[in-house]
Every structure is written in C-alpha cells, then in structure tokens.
Amino acid sequence: YGRGQGVTRSGASEVAYYDKACRLKVSMGCYNKGRAYLNGHDIPRNEGRAYDAFLKACYMGMSSACDTLRTDCEHRSNGTACYRYEKYLDSLMKK
C-alpha cells in the first residue's frame, strides 16, 4: 500500500498493516509505522505517534529505532516518548 504496487497507494492502509504487525510484536512493523508518521506521506504527520512506535521497536531490541529516538531526543525534547526512552536507558544502565 505504501508504494502502490498492485494496489492503490494508501497511507492509511499502509499504517494499518504496520500497526497490526507492531501489535503482533514485529519490531519492523513498529519502526515502519513510526517512519510513516514521521514522514507524513498520505497521512497527517504526527511526531508523537511516530516516537511512540519507535519506542516500542526500541523496546523490542531494534537498534535503528533506538538510534532515531536518541538522535531526535538529543536535538529536541518530544515530551512523553523522550522521557520514556530516557527511563528505558536508565533501566538498562542499572543492569
């Protein structure tokens, strides 16, 4: 749905599939959902939803999602997602 190959391009359908994969604990689904919301292609751009999805992927061990959060949180605070990411890092440091 995201590229429109064989189907009509639909950002909403694309995000729905990524969301389903994310709920099934597929880290790439969460990461792609975050990228879709961050880029805002065919859907409204929503940084809060993007960072929440990146955070879920990061919790699942996806380093690229953690890197995206780290980079963006260093450059600007994005409220709850950055706070939870920093708490997550703190918990890892205590292990």
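About the criteria used
- Residues numbered from 1 in each chain as written.
- Predicted model: local features only at pLDDT ≥ 70, side-chain atom pairs only at ≥ 80, totals over all residues.
- Heavy atoms only, no water.
- Salt bridge = Lys/Arg side-chain N within 4 Å of Asp/Glu carboxyl O.
- Helix = DSSP H or I, 4+ residues; strand = E, 2+ residues; numbered from the N terminus.
- Disulfide = S-S within 2.5 Å.
- Buried < 20%, exposed > 50% of the residue type's maximum accessible area, 1.4 Å probe, protein only.
- Axes fitted to C-alpha atoms, helices over the stretch in contact; angles between N-to-C directions.
- Parallel < 35°, antiparallel > 145°, perpendicular 65-115°, else oblique.
- Left-handed = near helix turned anticlockwise from the far one by under 90°.
- Contact = heavy atoms within 4.5 Å.
- Nonpolar A, V, L, I, M, F, W, Y, C, P; charged D, E, K, R; others polar.
- Expected span 1.5 Å × (residues − 1).

Draft legend 1. Here's a closer look at the pattern of salt bridges. Under the counting rule described, the total for this entry stands at four salt bridges. The partner of R23 in a salt bridge is D19, and the shortest N-O contact between them spans 3.0 Å. Note that R23 and D19 are positioned in helix α1 (residues 11–23) at a spacing of four residues, about one turn of the helix. The shortest N-O distance in the salt bridge between R70 and D67 comes to 2.9 Å. In this pair, R70 and D67 are both assigned in helix α4 (residues 63–75), three residues apart and thus about one turn of the helix distant.

Draft legend 2. Here's a closer look at the state of the cysteines. Counting across every chain of the model gives two disulfides. Here C22 is linked by a disulfide to C30, with a sulfur-sulfur distance of 2.0 Å. On the sign convention where negative means left-handed, the S-S torsion of about 95° between C22 and C30 marks this disulfide as right-handed. Of the two residues, C22 and C30, both sit in the buried class.

Draft legend 3. Looking closely at the packing of helix α2 (residues 27–39) against helix α3 (residues 47–59). With their axes 8 Å apart at the nearest point, α2 and α3 run at an angle of 160° to one another. Taken as axis vectors, α2 and α3 run roughly antiparallel relative to one another. Once α2 is placed against α3, the crossing between them reads as left-handed. Across the interface between the two elements, S27, C30, Y31, K33, G34, R35, Y37 and L38 of α2 pack against E47, R49, A50, Y51, A53, F54, K56 and A57 of α3. For the contact of α2 with α3, the residue count by class is nine nonpolar, two polar and five charged.

Draft legend 4. Structural detail: the side chain of T68. In this structure, T68 sits in helix α4. Not counting residues up to four positions away in its chain, the partners in contact with T68 are Y31, R35 and F54.

Draft legend 5. Layout of α2. Compared with an ideal rise of 1.5 Å per residue, which puts 13 residues at 18 Å, α2 spans 18 Å between its outermost C-alpha atoms and is within 8% of the ideal. When we look at burial in α2, the residues that qualify are G29, C30, Y31, K33, G34, A36, Y37 and L38. Immediately beyond the C-terminal end of α2, within one or two residues, lies G40, with a positive phi of roughly 65°.

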